[in-house]
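# Structural characterization, general
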Amino acid sequence: MAATIEIHEMSALATGTDKTAGTVRFKDADDATVDTNNPLVIPGSGDVYSYTKKVRAYMEDAPSTKVENLRWYPDAANGFGTGISVKAKNIGTTWGANYKTAMSGGASLWTYSSGSPLDGDGVDTSPFLPAKLDNYIGDLIELQMTVHDDAAQGALTPETLTLAYDEI
Amino acid sequence: MKISETYTWEAEKADGTILTEGGDLTECVRFSLKPSNGNFPAHDVVNVPMIRRFNRGFNKVRFNNQEEVPGMLVWEDGSAIVKTPQDLMDVVKFGDKIRQKGPIEMVPWHTVLVVSASEILTDRPFKGISAKCPSWKMTPSPTFEYLYCVVCKGFRFYVRASDGAALITPEEFELYL
């Protein structure tokens, strides 16, 4: 029996919404609802920031032996266009409320790739055994979109974040 | 998402013992992937020094994969046809998903089958309140993949669960899709 590992958008350390194959929308509100409310408004000068988003892996079905080696990475290069960037960082297992001021630390999401992914189990370390069934596994990954004053108006081309894991 | 297990595996030791669990293949002389689906190829690795096996899953989430369709679409209860106020053939494509703007539990996605200059044919009749209203569109993309891997001395052998395609890489190569 293969494991089922989901991607959840988190509202607390161990509470989240399944977004596997779904959508995470960066917005000017602290919720996981995908709609067109609370858009990020291009500033006259400088930057505006979305509320931060946090994602984490969730074990929906257990593996035979273990799940390990959690890795996160985006597809190719930033396709959001001029003036729009996303930062990412691993914040371990310490929950903090989402915020809309500039993220400290972290790196551009596109510094990570399939060849150089963001480690997803550096604090909550693998292996994750079948006993972790119906629990969150690995670290929280925090993300934030920044919109600069030279960004173009309109909806953005979707981008993808991949969670890869190994199981036995 | 539940994994559709397109293969089962077994390994055989030199003394004939069959393994179907675990990851250590150091004493094995054969590793086989047997397709559950008859259209998929079987794969066997034999008489090479084997080290271990594992499977690798890939889940994807999209950022900002939803946008408002230009103009107001006309949804009619019981009809799979959605009238469009203008030609949307450059905006909405076959395989896209559309729905009325509103809570997902109230107005679920419909898959686009045909787009003409004045209407969109979807995969099933709309069930809800007939309305001329703003609507959303999203473009689905592959969101899951699963690999079977056996690590041998000198190479790795990856098999993709979705189509049975095989890939041989150097022993230390980590394949991320």
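For clarity, every value in this text was computed on a predicted model and none was experimentally measured. (Residues numbered from 1 in each chain as written. Chains lettered and ligands numbered in written order. Predicted model: local features only at pLDDT ≥ 70, side-chain atom pairs only at ≥ 80, totals over all residues.)

Outside of glycine, negative phi angles account for most residues, and trans bonds account for most peptide bonds. The residue after Ser126(A), namely Pro127(A), is reached through a cis peptide bond having omega 15°. Counting through the fold element by element, Pro127(A) comes out in the loop between strand 9 (118-119) and strand 10 (136-148). Although it is not a glycine, Asn69(A) sits at a positive phi angle of roughly 60°. Positionally, Asn69(A) belongs in strand 6 (residues 67-74). Under the C-beta neighbour-count criterion, Asn69(A) is labelled partly exposed, with 19 such atoms within 10 Å. Positioned with a positive phi, Asn47(B) is a non-glycine residue whose angle comes to about 55°. Assignment of secondary structure puts Asn47(B) in the loop between strand 4 (43-46) and strand 5 (50-63). Judged by the 7 C-beta atoms lying within 10 Å of it, Asn47(B) falls in the exposed class. (Helix = DSSP H or I, 4+ residues; strand = E, 2+ residues; numbered from the N terminus. Buried ≥ 20, exposed ≤ 12 C-beta atoms within 10 Å, placed from the backbone.)

Scored by pLDDT, chain B has a mean of 90; 97% of the residues are at 70 or more. In the model output, the complex is listed with pTM 0.84 alongside ipTM 0.88. (pLDDT = per-residue confidence, 0-100.)

Now for the nonpolar core. Among the nonpolar cores identified, the biggest contains 38 residues, and Ile5(A), Ala57(A), Met59(A), Val67(A), Ile141(A), Leu163(A) and Tyr165(A) are the most heavily contacted of them. If one sorts the elements of this core by residue count, strand 10 of chain A sits on top with seven residues. Setting aside chain neighbours within four positions, we find Ala57(A) in contact with Ile5(A), Ile7(A), Leu70(A), Gly120(A), Tyr136(A), Ile137(A), Gly138(A), Leu163(A) and Tyr165(A). Judged by nonpolar contacts, the second largest core, of 12 residues, contains Leu73(B), Val112(B), Val115(B) and Ile120(B). (Core = buried A, V, L, I, M, F, W, Y, C linked by C-beta atoms within 7 Å. Contact = placed C-beta atoms within 7 Å.)

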